[in-house]
Amino acid sequence: MKIYRVILIILLALLMTGCQNKSIQEPDALNSEVGKSEMKIEVLCENKRVVFQLNTSSASKSLYDQLPLEIAVSDYAHNEKIFYPPNSLDLSDTPMATGDQGTLAYFSPWGDVVMYFGSFDAYTGLYELGYVIEGEEWISELIGIISINKIES
């Protein structure tokens, strides 16, 4: 009976140590993310301005590194505007897009960036780059040549 108590105490101590190590590591991971500069971009068309907050994925960094761009935007379906960046994006750690209005996404089969002004269904090959933080009402009105620029913090 004593041996079971000793084993139980050792197991509990190991479990508690594992939890303590995890809680010590999490703040470090959070601090390294907070230390990264935020990537924001603006899309300009005539007197319309749309601002997107990019996530920290490789695909977002790939797009950000290609800026500034003067590029054609097109309508697609009933809820999105698309453009084709000069180079494909690195998808190695990029999350899938979930369907929220205001999402900035990358559709890997066609190599286009999508600005959603309506909700959408998740789709294989559709990756999230970020989300709109200003000017969502203008996405549907973007037409012709747009300017896409970094917003330096």
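### A closer look at a nonpolar patch on the surface
Taken together, the side chains of Tyr76, Tyr84 and Trp110 make up a nonpolar region of the molecular surface, amounting to roughly 330 Å² of accessible area. Its location among the elements puts tyrosine 84 in the loop between β4 (80-83) and β5 (103-107). Since its relative accessible area comes to 42%, tyrosine 84 is described here as partly exposed.

### Some thoughts on the layout of surface pockets
Of the pockets and cavities examined, the largest pocket occupies roughly 260 Å³. With 3 residues, strand β6 (residues 112-116) is the single largest residue contributor to the lining of the largest pocket. Considering only residue class, the lining of the largest pocket consists of 9 nonpolar, 2 polar and 3 charged.

### A word on the side chain of asparagine 55
Mapped onto the elements, asparagine 55 comes out in the loop between β2 (48-54) and α2 (58-65). A polar contact is formed between the side chain of asparagine 55 and the backbone oxygen of glutamate 128, at a distance of 2.9 Å. Those residues in contact with asparagine 55, other than ones at most four positions away along the chain, are Met39, Ser60, Pro95, Glu128, Leu129 and Gly130.

Calculation rules
- Residues numbered from 1 in each chain as written.
- Predicted model: local features only at pLDDT ≥ 70, side-chain atom pairs only at ≥ 80, totals over all residues.
- Heavy atoms only, no water.
- Patch = residues over 30% accessible without salt bridge, like charges linked within 9 Å, V, L, I, M, F, W, Y side chains within 5 Å.
- Areas by Shrake-Rupley, 256 points an atom, 1.4 Å probe, with all protein chains shown as cover.
- Salt bridge = Lys/Arg side-chain N within 4 Å of Asp/Glu carboxyl O.
- Helix = DSSP H or I, 4+ residues; strand = E, 2+ residues; numbered from the N terminus.
- Buried < 20%, exposed > 50% of the residue type's maximum accessible area, 1.4 Å probe, protein only.
- 1 Å grid on protein atoms, 1.4 Å probe; cavity = no way out; pocket = protein on both sides within 12 Å on 5 of 7 lines; lining within 4 Å.
- Points joined across faces, edges and corners; volume = space filled by probe spheres on them.
- Nonpolar A, V, L, I, M, F, W, Y, C, P; charged D, E, K, R; others polar.
- Polar contact = N/O pair within 3.5 Å; in protein donor to acceptor, adjacent residues only side chain to side chain.
- Contact = heavy atoms within 4.5 Å.

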